[in-house]
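Topology and contacts: notes
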Number of protein chains: 2
Amino acid sequence: MAGGGAAASALSSPWRALLQRALDANAHLRHSTYFQLATVGAGGRPANRTVVFRGFQEHCDKIQINTDARSNKIGEIRICPFGEICWYFTDSWEQFRISGIIDAIDGSSADPAKLQHRERAWFASSVKSRLQYLGPQPGIPILDEGRVKDVDIDPSAGPVDAFCLLVLDPEKVDYVNLKNNQRLIFTRSKKEDGSSDWMAVKVSP
Amino acid sequence: MAGGGAAASALSSPWRALLQRALDANAHLRHSTYFQLATVGAGGRPANRTVVFRGFQEHCDKIQINTDARSNKIGEIRICPFGEICWYFTDSWEQFRISGIIDAIDGSSADPAKLQHRERAWFASSVKSRLQYLGPQPGIPILDEGRVKDVDIDPSAGPVDAFCLLVLDPEKVDYVNLKNNQRLIFTRSKKEDGSSDWMAVKVSP
């Protein structure tokens, strides 16, 4: 589920090695791939929820998250595309705050490459987890509890309309290790050729 | 550290009983009192960090968090006082999203009752954790690593300038239990006499 391990070491982003080390050190914990994603919601208020890390996009640092296109956050992200992940590793006492721009990719995207990423994310998730996208819209009142609709899914069928892939492109990573009290802030800048350059500064925790 | 247990059962807020049950069920985990607090920071972007639950304020549902008055979030909260806590309990698979208004109380507050709450929070924290407020300002670059200043603190001395108490007053609580797939949304309304009324709605997860 975590993924991106092999690619991490091949990349220059200096925080990727730290993150991969934390993922490895906490891999025995189911929740080590869960983090909290903050966005700005209705009325300019912050919104915060636990989501699952679905790996990095190939050959880059973009972080993938699966979500339901019918949840509030999709509309909110389209209005304000900024996000900050807070990823706390409970065994190694390390925190990564990763901020960047979020792209919400549903079936209406006009970009074939993005649609392909969405399709790959769909097939990379378990058949059981795909079933949730066939259930009722998240957050709507349950009026008729007695009627539980049996849903079935063809494992070879592509993504359903409710399936949305979120892709966060990191711009800044604030890392802190509470065991040795070290804190590093990584900031991205774009080079002339369009590639990324990361600068690291050691700061007080 | 968790606190507020006895008070919880005496209160009418229906989500308090659920939260207390989750705190009890996860009490064996050090990180069960850690949660992620999202606010809106510079440029209207979301900010998200792990903080420690310091209990409820007496006789009410307000959630207390200790922080450094010199961190960015204080200025940001004064501009946009909205916050959303995301509290995920890793053993019982329960999530509480608690949103509300944050009051940042530092030594400059003109309200004697608030200053008293701040003083109580100071003395309720360990002497070791008080030491961090005497260290360098969080987030500033470390230029001189060789010079580690020895700091000492008088255990009977009151809060230092850098100590700030955050108090979040919950307005909405979105609870989900991933083991039984139950989700409840609690919304607060104010009654004519100024007291709070909570409404619960069962929604699809």
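Conventions used here
Residue numbers here run from 1 along each chain, matching the order of that chain's written sequence. A letter from A marks each chain and a number from 1 marks each ligand, given out in the order of writing. Under the rules for a predicted model, residues below a pLDDT of 70 receive no local features and side-chain atom pairs below 80 are neither given nor counted, while totals for whole chains, interfaces and linings still include all residues. Heavy atoms from the whole structure form the basis of all side-chain values; hydrogens and water molecules are not counted. UniProt positions are given in the numbering used here, feature names are shortened, and annotations may be inferred rather than shown by experiment. The disulfide criterion is simple: two cysteine sulfur atoms within 2.5 Å. Burial classes follow relative accessibility: with a 1.4 Å probe on protein chains only, a residue under 20% of its type's maximum area counts as buried, one over 50% as exposed, and anything between as partly exposed. A run of H or I in DSSP counts as a helix once it spans at least four residues, and a run of E counts as a strand once it spans at least two, with each numbered from the N terminus. Strand pairing is assigned whenever DSSP identifies at least 2 bridges connecting the two strands. By convention, a stacked pair of Phe, Tyr or Trp rings (six-membered ring in the case of Trp) has centres within 6.5 Å and planes under 30 degrees apart, an edge-to-face pair has planes over 60 apart, and any other such pair is tilted. In this scheme, the term charge over a ring applies when either NZ of a lysine or CZ of an arginine sits within 6 Å of the ring centre and within 35 degrees of the ring normal.

- The name given to chain A in an unreviewed UniProt entry is pyridoxal 5'-phosphate synthase, with the source organism recorded as Urochloa decumbens.
- According to the UniProt record, the Cofactor (unreviewed entry) comment for chain A reads "FMN".

Focus on the state of the cysteines
- Per the stated rule, a full pass over the model turns up zero disulfides over all chains.
- No disulfide involves cysteine 86 of chain A; its sulfur sits 9.7 Å from that of cysteine 86 of chain B, the nearest cysteine.
- The exposure class assigned to cysteine 86 of chain A is buried, which follows from its relative accessible area of 0%.
- Not part of a disulfide, cysteine 164 of chain A finds its nearest cysteine sulfur in cysteine 80 of chain A, a span of 16 Å.

With respect to the pairing of strand E2 (residues 46–52) of chain B
All names here are of chain B.
- Taken across its seven residues, E2 has six buried, putting it largely inside the fold.
- As paired elements, strand E1 (residues 34–40) and E2 share seven bridges and run antiparallel to each other. Pairing of threonine 39 across the sheet is with alanine 47, part of E2.
- Count of turn residues in the E1/E2 antiparallel hairpin: five residues, of which glycine 43 carries a positive phi of about 65°.

Topic: the packing of aromatic side chains
- The full count for this structure, using the stated rule, is 26 aromatic pairs over all chains.
- Geometrically, the ring pair formed by tryptophan 15 of chain B and tryptophan 198 of chain B is edge-to-face, given 5.7 Å between the ring centres and 70° between the ring planes. One end of the pair, tryptophan 15 of chain B, is in helix H2 (residues 14–25); the other, tryptophan 198 of chain B, is in strand E8 (residues 196–203), with 183 residues separating them in the sequence. With respect to class, tryptophan 15 of chain B is no different from tryptophan 198 of chain B; both count as buried.
- Through pairs of rings, three or more aromatic residues link up here, namely Trp15, Phe35, Phe53, Phe56, Trp87, Phe89, Phe96, Tyr175 and Trp198 of chain A.
- Taking NZ or CZ as reference, arginine 16 of chain A lies 3.5 Å from the ring centre of phenylalanine 56 of chain A, over its face.

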